[in-house]
Amino acid sequence: MKLRCQPGQSITTRELKGATLQTRSPDGQRHCKIQVNGFVAFGGIPSDSRIRRTGRVDVHVFPLDGDISAIAPKWEVSGPSY
């Protein structure tokens, strides 16, 4: 899953690793809870400085609740919670 941070917000790899995230469809009607399994490492190992610089991070996730196949671009992701 490709995550893009909102401008002015930053998250660390420590906060993301193993975190539970809540996703919500643009219309707010569908939800899915996911857990971050790890990071996608092609193109280099993710770092806090890269996340701050680009505002993006790619993660491996698995579903905890809901239909993960419904997640699409423009969905909002909130969290992390532990």
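Summarised in this report is the structure supplied together with it. (Residues numbered from 1 in each chain as written. Predicted model: local features only at pLDDT ≥ 70, side-chain atom pairs only at ≥ 80, totals over all residues. Heavy atoms only, no water.)

1. Overview of the nonpolar core
Leu 3, Ile 11, Leu 16, Leu 21, Cys 32, Ile 34, Val 36, Ile 51, Val 57, Val 59, Ile 71 and Trp 75 form the largest nonpolar core, which has 12 residues in total. When contributions to this core are tallied by element, the ones reaching two or more residues are β3 (31–39) and β4 (56–65). The dominant element in this core, judged by the number of residues it contributes, is β3, at 3 residues. Residues within four places of Ile 71 in sequence aside, it is in contact with Met 1, Thr 23, Cys 32 and Ile 34. (Core = buried A, V, L, I, M, F, W, Y, C linked by side-chain atoms within 4.5 Å. Buried < 20%, exposed > 50% of the residue type's maximum accessible area, 1.4 Å probe, protein only. Helix = DSSP H or I, 4+ residues; strand = E, 2+ residues; numbered from the N terminus. Contact = heavy atoms within 4.5 Å.)

2. Remarks on the pairing of strand β2 (residues 20–24)
Both β2 and β3 contribute to a ladder of 5 bridges, which runs antiparallel. Each residue of the ladder has a partner; that of Leu 21, found in β3, is Ile 34. In textbook terms, the turn of a hairpin is the stretch between consecutive antiparallel strands, and for β2 and β3 this stretch comprises 6 residues, one of which, Gly 28, has a positive phi near 80 degrees. (Pairing = 2+ DSSP bridges.)

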